[in-house]
Amino acid sequence: MGNVSSDSAELDNAGMVQVWDGQVGRDWVAEQDRYARMNAGFTEMLLAAAAVQPGERVLEVGCGFGAVAYRLGELAGPAGEVVGVDVSGPMLEVAAERAADLAQVSFRHDDAQEGDLGEASYALAVSQFGVMFFADPAKAIGNIVSALRPGGRLAFTCWQDMSLQPRIVVPAAAALTHIPVPEMDQDFWGLKAFSLADPQAIEDLLGHAGLADIRIEPATSPEYLGSDVADTVEFMRRTEFGQLLFADVDNQTAERGWDAVATALTDHQTSDGVYLDGAAWLVTARREPA
Ligand SMILES: C[S@@+](CC[C@H](N)C(=O)[O-])C[C@H]1O[C@@H](n2cnc3c(N)ncnc32)[C@H](O)[C@@H]1O
């Protein structure tokens, strides 16, 4: 999957684009309602921090299937404009259908790191978990900042460290009572989701890109995982994280591991579904006025 550069053993940009434009994008489309519900708490925090004003021109980076773009469009109103940029064709197809009746929202298939996002065109750039996958984060953030007008705002969420995510740690710890700790391939694209886990690295990245008023706040939210334990386990079994966890064990052992995951999830079942916390950084900053 993707191209692995020989010296750094990291996915290059084209490789990561290929991931999202291919099967991973299709998987997200298949689970679009689950993912939208999963991140709904973070969406509200992000929208509050972004404070979109009617009439503003807004860039959304890594807009996926458009759940946030649609909300941004409502807040910007008919006098505003929201442009969602993403590299995933399958997700953008869904996004375009969703926004069909909201004229101020449009979508572009483009790479936020390498593409032309325009110069000083937007009052605000927003991203919900869409800024961690760049091969060259400095270049990508620089590109996004260039697209902001002087004084323009940036607001995004990104994940804290994987070890701080109950949504991952609770099922993984249960599974590990039956299986050895798997050797996680550092090339695995999914680990990039945690590439901005270090708040100092975020501050350095944004500072070097010429942003000021940088605020990095911890944000936690219960994440919807499934309608019940069985639905959640089925979902987890389909994910690459789930498959990698059990990659090195025989079927019987894997089944015992999944049973343990199900038992652990039972404690987190509510009348509304299974929830476990996610831990993010809520980041805001501003391009220096001219
Ligand atoms: C974790 S998903 C989040 C999607 C959406 N923001 C949401 O919250 O539902 C990350 C998104 O970033 C997009 N992405 C990854 N690399 C990108 C790049 N270089 N330029 C634009 N979008 C990118 C992916 O295609 C994917 O839609």
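Notes on the structure in this doc start here. (Residues numbered from 1 in each chain as written. Predicted model: local features only at pLDDT ≥ 70, side-chain atom pairs only at ≥ 80, totals over all residues. Heavy atoms only, no water.)

For the rest of this paragraph, the subject is the overall build of the protein. When you go through the protein residue by residue, the secondary structure sums to 12 helices and eight strands. By the compact-globule yardstick of 19 Å for 290 residues, the protein fits well, its C-alpha radius of gyration being 19 Å. C-alpha extents for the protein along the principal axes are approximately 60 × 45 × 30 Å. The 290 residues of the protein split such that 51% are buried. In the protein, the proportion of contacts linking residues at least 24 apart, taken out of those at least 6 apart, comes to 80%. By element, 52% of the accessible surface of the protein is carried by carbon and sulfur atoms, the whole surface being about 12900 Å². (Helix = DSSP H or I, 4+ residues; strand = E, 2+ residues; numbered from the N terminus. Rg over C-alpha atoms; globule rule 2.2 N^0.38 Å. Buried < 20%, exposed > 50% of the residue type's maximum accessible area, 1.4 Å probe, protein only. Contact = heavy atoms within 4.5 Å. Areas by Shrake-Rupley, 256 points an atom, 1.4 Å probe, with all protein chains shown as cover.)

Let us look at the nonpolar core. In globular proteins that are soluble, nonpolar side chains generally tend to be buried together. Judged by nonpolar contacts, the single largest core of 89 residues is most densely connected at Trp20, Met132, Phe156, Trp189, Ile202 and Leu206. If you tally residues by element for this core, the top one is strand β8 (residues 273–287), at seven residues. In contact with Trp20, not counting residues within four places along its chain, are Gly25, Trp28, Val87, Ser88, Pro90, Met91, Phe133 and Trp189. (Core = buried A, V, L, I, M, F, W, Y, C linked by side-chain atoms within 4.5 Å.)

Under the counting rule described, the total for this entry stands at 14 aromatic pairs. Judged by centre distance (5.1 Å) and plane angle (75°), the rings of Trp20 and Phe133 are edge-to-face. Placement of the pair is Trp20 in helix α1 (residues 13–21) and Phe133 in the loop between β4 (122–128) and α7 (137–147), with a sequence separation of 113 residues. Phe133 matches Trp20 in its accessibility class, with the two residues each being buried. Relative to Trp189, the ring of Phe133 lies with its centre 6.5 Å away and its plane at 40°, an arrangement referred to as tilted. Of this pair, Phe133 sits in the loop between β4 and α7 while Trp189 sits in the loop between α8 (166–175) and α9 (199–208), placing them 56 residues apart in sequence. Classification of Phe133 by relative accessible area gives buried; the value is 13%. Among the aromatic residues, those joined into a cluster by ring pairs are Trp20, Trp28, Tyr35, Phe65, Phe133, Phe188, Trp189, Phe235 and Phe241. When the ring centre of Tyr122 is taken as reference, the NZ or CZ atom of Arg57 above it lies at 4.5 Å. Stacked on the ring of Trp159, the Lys or Arg Arg167 has its end atom at 4.0 Å from the ring centre. (Phe/Tyr/Trp six-rings, centres within 6.5 Å; stacked < 30°, edge-to-face > 60°. Lys NZ or Arg CZ within 6 Å of the ring centre and 35° of its normal.)

Let us look at the site of the ligand. The environment of the ligand is made up of 17 residues, and the closest members are Gly62, Asp86, Asp111, Ala112 and Gln128. Here Gly62 contributes a backbone N or O atom positioned 2.7 Å from a nitrogen atom of the ligand. Within the complex, 97% of the 590 Å² of free accessible area of the ligand lies under protein. Classifying every residue of the shell around the ligand gives nine nonpolar, five polar and three charged. (Near = heavy atom within 4 Å. Polar contact = N/O pair within 3.5 Å; in protein donor to acceptor, adjacent residues only side chain to side chain. Nonpolar A, V, L, I, M, F, W, Y, C, P; charged D, E, K, R; others polar.)

When we look at burial in helix α6 (residues 89–98), the residues that qualify are Gly89, Pro90, Met91, Leu92, Val94 and Ala95. Those residues of α6 hidden inside the fold are in contact with α1, α2 (23–30), α3 (32–38), β2 (81–86) and β3 (105–109).

Our next topic: the environment of Gln113. Tracing the chain through its elements places Gln113 in the loop between β3 and β4. Note: C-alpha distance between Gln113 and Pro90 (23 residues apart in sequence) is 19 Å. Of note is the side chain of Gln113, whose polar atom sits 2.6 Å from the side chain of Glu114.

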